[in-house]
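Coordinate inspection notes
Listed here are the chains, written in short residue letters.
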Amino acid sequence: MLGWIVALIAVAVATSSAVRTYQARREAYGASARAELNERQAKAAEARTLALTEEIRQLARRRIPAAATALSHRTAPVPGLREAAGIDGEAARLLSEAVQAARTAVLEERGRVDAAARSAMRGTSAKIQSLLNQSQHLLHELQHEYDDPRILQLDFRNELALRRTQATAVLCDAWPGLARQNSSLVEIVLGAQSRVPGYERIKVANHLRQERLALVARAAEPLAIALAELLANATAYSHPDTEVPVTVQQTAGRGALILVDDAGIGMDDDALERARTLLSGPSEVLLTELGDPPQTGFAVVGRLIARYGFSCHIESSPYGGMRTMLRIPAHLLTVMDDDRTLSVLAPKPVHARGTGAAEPAEPPEPAVPSGPVGPAPAEPVAPASAEPAGPAPAAEAEAPPAELPTRRRRARRTDSPESSTTRSQTVEEPTLRTPEQAGAAWAALQEGTLSGRKAPGPPAQAPPAASPSDDLGDDET
């Protein structure tokens, strides 16, 4: 009996020892697992911290600067998260919000700086424009008092500076600075031509059905500014030996269309898309987006289009360069009164006929040119006075000439076959002259007039015309 009791005690002690050993091993294994888990969690936390640190570093060094650059260059890439798997959703959202907040702050600051720059440039442009207008009036007075052709060149350069100043003012949302009456559309085209370097290369073709078609007063000067910018762009980006054809015509919808072609280098797809965007008249154009040096031509045209209701389209030209089409709606057009005299420099409308082109009408008496506006008139001669229909008497054909050459209005008449044949053989087509040659001719005429008024005898012979300067203006940029 005692043996069984001892055996049971031994079994109990062994069992208890085994249980304690198992529990000890189990506790040791659990502690090891917990330690390993803690170590893995610590390594994961360290990895997340390192990834977040790298993302913050990339945010400061690359993502925010790239987002600011993309505001000006839309094709510039903006990098995203480097370790997207290592960043939880909340951290990724906060990082994206930081990029968006930086972009918003940059836009607001750029708008504030651009508005301040516009205000400063608007005030400065107004003062410079006022001074240039005063200089222009003084130069016009000097042209009537002195016969130096260099005054014409100085007046032209003053006109170039005035156009640049007007364009800057318009870009800064200022008033163009000049007020006009209802103005002939062709005369506006010639006025825009006179503001452009290389104006002698511009050839204007008038295809208007109504010769006296005009623009309303409020749109006359804005159209002249817009067209001058398009002409300056065409002459600046085409070879100096090529012509720039300009066609003025009426559209089927009672509007008008001005086509400007050049044989220049053309534009790539990105430049063409940007030009069309600017010409569409966007609500806002930042000065910082116009390049260095700034290219303001299309931006100025776009501002005028948005404000006055024109429209402009640009595409490839059959001449090899670009073609710009400036469309004028019907509500901006009118017809000039018959008592208003058109400029003698304005080209006559070209109408197609069965027997050929129409003969141009006799121009009215020209005024002394004050600058290089369009093609220059021929040297003044003494045409025959107006007569009734029928053959001309021989006595009138042999009438002595006046002391000084004058130009008078000549009425159309129907001649006999003999007289028309004789005149067609003797009268030659006057050759076109450059503005400098015309200015020298008028200067010589004025010199003769002044000499004749001072001396009691016959007027002194006009001195030979001075050779014009080859430098007609600065280069367009």
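Now for a quick tour of the structure. (Residues numbered from 1 in each chain as written. Predicted model: local features only at pLDDT ≥ 70, side-chain atom pairs only at ≥ 80, totals over all residues. Heavy atoms only, no water.)

**What about the packing of helix α3 (residues 150-171) against helix α5 (residues 217-236)?**
Let me state the cut-off plainly: Helix axes are fitted to C-alpha atoms over the stretch in contact, other axes to C-alpha atoms as well, and angles between N-to-C directions run from 0 to 180 degrees. Under the scheme used here, helices are H or I runs from DSSP no shorter than 4 residues and strands are E runs no shorter than 2 residues, and both carry numbers assigned from the N terminus. Any angle that falls under 35 degrees is termed roughly parallel, while one over 145 is termed roughly antiparallel, one within 65 to 115 roughly perpendicular, and all others oblique. Working rule for handedness: look at the near helix, and if it is turned counterclockwise from the far one by less than a right angle, call the crossing left-handed; if clockwise, right-handed. Contacts: residue pairs with any heavy atoms within 4.5 Å of one another.
Closest axis-to-axis distance for the α3/α5 pair is 11 Å, and the angle between their directions is 110°. Taken together, the axes of α3 and α5 are roughly perpendicular relative to one another. Judged by the sense of rotation from one axis to the other, the crossing of α3 with α5 is left-handed. For the pair α3 and α5, contact is made by R163, Q166, A167 and V170 and by E221, I225, A228, E229 and A232, respectively.

**Here we look at empty space enclosed by the protein**
The cut-off we apply is this: Lining residues are defined by having an atom within 4 Å of a point belonging to a cavity or pocket. Those points lie on a 1 Å grid over the protein atoms alone, cavities being sets where a 1.4 Å probe fits but cannot get out and pockets being open sets with protein on both sides within 12 Å along at least five of seven lines. Grid points are joined across faces, edges and corners, and a volume is the space filled by probe spheres set on the points. In this count, Pro and Cys sit with the nonpolar residues alongside Ala, Val, Leu, Ile, Met, Phe, Trp and Tyr, while Asp, Glu, Lys and Arg are called charged and the others, Gly among them, polar.
Within this structure, the stated rule accounts for 3 cavities of 30 Å³ or more. In this structure, the second largest cavity occupies an estimated 60 Å³ of space. What lines the second largest cavity is S184, V186, N206, E211, L342, S343, A346, P347, K348 and P349. Its residues placed into classes, the lining of the second largest cavity shows 5 nonpolar, 3 polar and 2 charged.

**Quick look at the side chain of R118**
Which entries qualify depends on this criterion: Polar contacts, as counted here, are pairs of nitrogen or oxygen atoms within 3.5 Å of one another; within protein the pair requires one atom able to donate a hydrogen and one able to accept it, and residues that are adjacent in sequence qualify only if both atoms are side-chain atoms.
Topologically, R118 is positioned in helix α2 (residues 89-145). A polar side-chain atom of R118 sits 2.5 Å from the main-chain carbonyl oxygen of L171. When neighbours within four sequence positions are excluded, R118 is seen to be in contact with L171, C172, D173, V285, L286 and L287.

**Let's talk about the pattern of salt bridges**
Going by this rule: Only one rule defines a salt bridge in this text: a Lys or Arg side-chain nitrogen within 4 Å of an Asp or Glu carboxyl oxygen. The classification of residues rests on relative accessible area computed with a 1.4 Å probe and restricted to protein chains. Under 20% of the type maximum is buried, over 50% is exposed, and intermediate values are partly exposed.
Applying the stated criterion across every chain yields a total of 15 salt bridges. The partner of E97 in a salt bridge is R93, and the shortest N-O contact between them spans 2.6 Å. Of this pair, E97 and R93 both sit in helix α2, 4 residues apart, which is roughly one turn of that helix. Residue classification places E97 among the partly exposed positions, given a relative accessible area of 40%.

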